[in-house]
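# Structural overview for review
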Amino acid sequence: KFVPALHGGSSKMSASIDKTSIYMTDSEARVRKKINRFALSGGGATSEEHRRNGADLSKDVAYQYLRIWLKDEAELDSIGEEYRAGRMLTGEVK
C-alpha cells in the first residue's frame, strides 16, 4: 500500500513533484508545512459548511496519514468521529 499524495486522489506520492511528496530527509517543520499547505481536505469550504456537513474521511489526506501512523486506535476513532461530525476542523486534524 502506498502513502497517498498530498493532493489526494488515488495517486501515490511522486518524488519528482516536491509539493506532493514528503521525503525522509524533510525536517518535521517542513513536513508540517507541506501537510498544512498542500494536503487535500475532506472538510467543507468554510468553517460553517464544515460544521454543518462534517468531513469526508475517505478524501482527507491528513486523516489518511493518521490512519497509517497513529498507533492509538481509540484516539483515531475519536478524531474520526469528531471530524466526520464537524466538531473538529481541518486545521485541528492537520
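### A closer look at the environment of glutamate 92
- Tracing the chain through its elements places glutamate 92 in helix H5 (residues 90–93).
- Of the residues examined, glutamate 92 reaches a relative accessible area of 52% and is grouped as exposed.
- Between the C-alpha atoms of glutamate 92 and isoleucine 79, which are 13 residues apart in sequence, the distance is 9.5 Å.
- A polar atom in the side chain of glutamate 92 sits 2.6 Å from the backbone nitrogen of leucine 89.

### Here we look at the pattern of salt bridges
- Throughout the structure, instances matching the rule amount to 4 salt bridges.
- As a salt-bridge pair, lysine 34 and aspartate 26 come within 2.9 Å of each other at their nearest N and O atoms.
- Among the residues examined, lysine 34 registers a relative accessible area of 1% and is labelled buried.
- On the basis of relative accessibility, which here comes to 18%, the residue aspartate 26 falls in the buried class.
- Put simply, glutamate 81 and arginine 87 hold a salt bridge, and the shortest N to O gap is 3.9 Å.

### Side note on the nonpolar core
- Core analysis: the largest hydrophobic core is formed by 14 residues, its most contacted members being Ile35, Tyr83 and Val93.
- When residues of this core are traced back to their parent elements, those giving at least two are helix H3 (61–69) and helix H4 (73–85).
- For this core, the element with the highest residue contribution is H3, accounting for 4 residues.

### Considering H3
- Buried residues of H3: Val61, Ala62, Tyr63, Gln64 and Tyr65, and no others.
- Of the residues that open H3, the one with a side-chain oxygen 3.3 Å from the backbone nitrogen of alanine 62 is aspartate 60.

### A few points about the side chain of threonine 90
- Note that threonine 90 resides in helix H5.
- Within polar-contact distance, the side chain of threonine 90 engages the side chain of tyrosine 83 at 3.0 Å.
- Look past the residues within four positions of threonine 90 in its chain and what remains in contact with it is Ser41, Gly43, Asp60 and Tyr83.

### Brief notes about the confidence of the model for the chain
- On average, residues of the chain carry a pLDDT of 90, and 95% of them reach 70 or more.
- When the elements of the chain are averaged for pLDDT, helix H1 (residues 28–38) gives the smallest value, 92, and H4 the largest, 98.

Thresholds applied
- Residues numbered from 1 in each chain as written.
- Predicted model: local features only at pLDDT ≥ 70, side-chain atom pairs only at ≥ 80, totals over all residues.
- Heavy atoms only, no water.
- Helix = DSSP H or I, 4+ residues; strand = E, 2+ residues; numbered from the N terminus.
- Buried < 20%, exposed > 50% of the residue type's maximum accessible area, 1.4 Å probe, protein only.
- Polar contact = N/O pair within 3.5 Å; in protein donor to acceptor, adjacent residues only side chain to side chain.
- Salt bridge = Lys/Arg side-chain N within 4 Å of Asp/Glu carboxyl O.
- Core = buried A, V, L, I, M, F, W, Y, C linked by side-chain atoms within 4.5 Å.
- Contact = heavy atoms within 4.5 Å.
- pLDDT = per-residue confidence, 0-100.

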